[in-house]
Amino acid sequence: MLHLLRSIQAAAALCAVALALGGCSLISSGDAKRDQSGRPTETSVADAFKVKVGDCMAEPSGSEIRDVSIIPCEQSHDLEAYAAKKLVADSYPGQSEVESQSEEYCATEFATFVGVEYNESTLELTYLYPTSQTWKQNDREIVCLIGGASGAATTGSLKGAAK
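Caption draft 1: Layout of the nonpolar core. By size, the foremost hydrophobic cluster in this structure holds 20 residues, and its most contacted members are Tyr82, Cys106, Phe110 and Ile146. Considering each element in turn, this core owes the most residues, 6 residues, to helix α1 (residues 95–114). Those residues in contact with tyrosine 82 that sit more than four places away from it in its chain are Val53, Cys106, Glu109, Phe110, Phe113, Leu125, Cys144, Leu145 and Ile146. Counting 12 residues, the second-largest nonpolar core is a separate cluster that includes Ala48, Met57, Ala81 and Leu128.

Dropping the structure here:
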């Protein structure tokens, strides 16, 4: 399973609550409807493994999610994928290690993307990361997601928002 980890703005630290994403379905919904440049053209359902940097999406609901709703960023959305990286390891490093690497990477990339440090921002950070189950399916990617203050929907990109 993929995991979505939601970090809520706290005064001095990153706090997290995990939600499971069941990205490995037998019948995949595939990718979002995209133009030739890869940008989503309309709201569409996509396999959770298909989220790409630059995608905007609705907040996934429930604890086991196979699909996500990808939304063109110029429309109201809950989250935006702002960074991604592949983990390099021969075997699954364990959930706490993957969470730690995800949190560190996404917080660093947050400052680069938004223009202020995460602990100084009103915006929220969350991420998708591989689990021992999805690792067996070659899932190695951490995908960092940013959302509006207190979970508020946003329109457009939060790149350079400096808030």
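Caption draft 2: Geometry of the confidence of the model for the chain. Per-residue pLDDT for the chain has a mean of 82; in total, 80% of the residues score no lower than 70. Contacts of residues 6–28 to residues separated by more than four positions or lying in other chains number 70 contacts, the stretch itself having pLDDT below 50.

Caption draft 3: Structural detail: the environment of aspartate 47. In this structure, aspartate 47 sits in strand β3 (residues 44–47). In this structure aspartate 47 comes out as buried when scored by relative accessible area, which is 5%. Each C-alpha atom, one on aspartate 47 and one on valine 68, is 6.4 Å from the other, the two residues being 21 residues apart in sequence.

Caption draft 4: Up close: the pairing of strand β7 (residues 124–129). Within β7, 6 of the 6 residues are buried, which leaves it mostly tucked inside the rest of the structure. What you see with β7 is no split at all: Glu124, Thr126 and Leu128 on one side and Leu125, Tyr127 and Tyr129 on the other are buried throughout. Relative to strand β8 (residues 141–147), β7 runs antiparallel, the two sharing 5 bridges. Within β8, the position partnered with threonine 126 by the bridge is leucine 145.

About the criteria used
- Residues numbered from 1 in each chain as written.
- Predicted model: local features only at pLDDT ≥ 70, side-chain atom pairs only at ≥ 80, totals over all residues.
- Heavy atoms only, no water.
- Core = buried A, V, L, I, M, F, W, Y, C linked by side-chain atoms within 4.5 Å.
- Buried < 20%, exposed > 50% of the residue type's maximum accessible area, 1.4 Å probe, protein only.
- Helix = DSSP H or I, 4+ residues; strand = E, 2+ residues; numbered from the N terminus.
- Contact = heavy atoms within 4.5 Å.
- pLDDT = per-residue confidence, 0-100.
- Pairing = 2+ DSSP bridges.

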